[in-house]
Amino acid sequence: MAMEVNAVKPLLDISTTLQPNISINTTTHGTTTVRQLVTKIPVSNETNTSALHPCLGILYEEVKDSGVRVWDVALLVPNALFLIFLLINIKSAHAKLKNSKSPIFTTFYLMVFVVACTGVARCVVSMTVNAASTLGTDIDKILWLVLKFFLLATELSVLIFGLAFGHLDSKSSIKRVLVCTTLIALVFSVTQGFLEFVHPDHKLRADTKDYDVYGHGGMMFWFITSSFFFLVYSCTFILPFTKLKEKIQLPMKTSFYVYVLILAILNLLQTIGAVLVFVNINAGLCIVDITTYLYFTCFAPLIYITFLREFIKTPTTTIFFSYKAQVDDGDDGENLHRSGGNASVN
């Protein structure tokens with residue numbers, strides 16, 4: 001028996017060399033050694049993610065095991081289309097902004113353009129790095145944090161400009177607002193980054209993977225911040241229905257309040273999703289995915305539609321963005337039309 005086993009050994013070595021998925025298990029019974037061929041079936045990425053909840057698996061699913069995640073592709077397509085739209089219309093927009101007497105439109109356009117470019121850049125870079133490696137995971141998270149920083153700074157600036165535009169339509173006041181919102185967004189992003197890297201929340205981690213995806217700073221952090229912004233946008237939305245409208249100047253354009261209502265609903269859904277994921281209810285994963293996708297793909301177009309589309313399309317070059325009711329041409333420059341986010345012709 002020993003001679004037969006030794007004779008078969010070279011053939012087994014050749015088999016394992018030609019087929020690396022075949023291994024040899026050796027067992028000894030007394031003086032007899034038995035070798036068995038064991039075939040290892042490779043587990044593909046598709047097999048790993050198919051065992052996950054669909055709303056979690058989509059965050060890890062790769063396009064035909066290429067290393068490019070489906071989630072990044074899904075985010076890239078709408079962001080790239082919107083950026084292409086901006087580039088196609090950049091000449092006409094530049095001419096209109098150059099002739100505009102209100103610097104706020106230029107500020108809005110630049111913020112939208114930066115957000116669109118950052119969103120596309122994040123997707124492209126994330127698709128080129130190996131997310132399964134430690135370096136790739138860190139790069140992916142840093143890119144998400146940078147994108148969130150620009151989005152939050154834009155979001156805060158737009159809200160302040162929308163509420164107090166009649167008092168902020170000057171370069172110096174705009175700069176002060178941008179500095180404040182940038183600092184707030186920076187503090188937010190640093191805190192979120194600290195939680196991502198030092199105290200990561202593994203609620204979005206798949207058991208079949210050895211790396212994490214971007215977790216928004218953890219479900220508890222996301223719950224707290226989303227709840228706060230929900231309250232802010234909700235209070236802004238109900239202002240016209242309170243007695244404060246008689247004491248302070250408020251935007252009169254309906255589109256501004258539609259914009260605020262959309263973000264209030266989005267933050268409410270994010271709050272609910274974060275809580276459900278935190279208590280390990282799978283339905284929360286789908287809410288998290290949907291709200292994340294909508295925010296990171298539709299926020300910049302929403303700003304463009306609400307605040308810039310009418311301005312870009314208006315043929316006249318003398319357009320003001322401010323808040324008071326329409327006045328006669330004889331009144332001074334302080335009496336401008338209050339539009340709450342949309343252009344009006346003086």
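Below is a short write-up of the structure. (Residues numbered from 1 in each chain as written. Predicted model: local features only at pLDDT ≥ 70, side-chain atom pairs only at ≥ 80, totals over all residues. Heavy atoms only, no water.)

Notes on the environment of A274
Point 1. Relative to the helices and strands, A274 is located in helix α10 (residues 254–278).
Point 2. Separated by 52 residues in the primary sequence, A274 and W222 place their C-alpha atoms 6.4 Å from one another.
Point 3. Apart from the residues within four sequence positions on either side, A274 is in contact with M219, W222, F223 and V288. (Helix = DSSP H or I, 4+ residues; strand = E, 2+ residues; numbered from the N terminus. Contact = heavy atoms within 4.5 Å.)

Let's talk about helix α9 (residues 219–238)
Point 1. Here α9 contains 20 residues, and its C-alpha end-to-end distance of 28 Å stays within 8% of the 28 Å for a straight helix at 1.5 Å per residue.
Point 2. Along α9, the positions that sit buried rather than exposed are M219, F221, W222, T225, S226, S227, F229, Y233 and T236. (Expected span 1.5 Å × (residues − 1). Buried < 20%, exposed > 50% of the residue type's maximum accessible area, 1.4 Å probe, protein only.)

Considerations on the packing of aromatic side chains
The way to describe two aromatic rings as a pair is by their centre distance and the angle between their planes.
Point 1. One pass over the structure, following the stated rule, counts 19 aromatic pairs.
Point 2. Each ring, one from F82 and one from Y304, has its centre 6.1 Å from the other, and the planes form 80°; the classification is edge-to-face. Pair noted here: F82 is in helix α4 (residues 70–88) and Y304 is in helix α11 (residues 283–313), with a separation of 222 residues, a long-range link.
Point 3. What makes F82 buried here is its relative accessible area of 10%.
Point 4. Y304 gets classed as buried once you look at its relative accessible area, which sits at 8%.
Point 5. For the ring pair F85 and Y304, a centre distance of 5.4 Å and an interplane angle of 85° mean the geometry is edge-to-face. Placement of the pair is F85 in helix α4 and Y304 in helix α11, with a sequence separation of 219 residues.
Point 6. By way of ring pairs, the aromatic residues F108, F161, F256, Y257, Y259 and F307 are connected into one cluster. (Phe/Tyr/Trp six-rings, centres within 6.5 Å; stacked < 30°, edge-to-face > 60°.)

Topic: the nonpolar core
Point 1. Core analysis: the biggest nonpolar cluster contains 73 residues, and Y60, F108, Y233, Y259 and I303 have the highest contact counts within it.
Point 2. When residues in this core are grouped by element, the largest group, 13 residues, is from α11. (Core = buried A, V, L, I, M, F, W, Y, C linked by side-chain atoms within 4.5 Å.)

Points about the state of the cysteines
Point 1. Counted by the stated rule, this structure contains 1 disulfide.
Point 2. Each sulfur in the disulfide pair C55 and C286 lies 2.0 Å from the other. What sets the handedness of the C55 and C286 disulfide is the S-S torsion sign, and at about 90° it is right-handed. Placement of C55 in helix α3 (residues 54–57) and of C286 in helix α11 is noted, with a sequence separation of 231 residues between them. (Disulfide = S-S within 2.5 Å.)

Considerations on the pattern of salt bridges
Point 1. Applying the stated rule across the entire model yields 5 salt bridges.
Point 2. Across the pair D140 and R69 runs a salt bridge, and its minimum N-O distance is 3.3 Å. Of this pair, D140 sits in helix α7 (residues 134–164) while R69 sits in the loop between α3 and α4; the two residues are 71 residues apart in sequence, bridging distant segments of the chain. The two residues D140 and R69 agree in class, both being buried. (Salt bridge = Lys/Arg side-chain N within 4 Å of Asp/Glu carboxyl O.)

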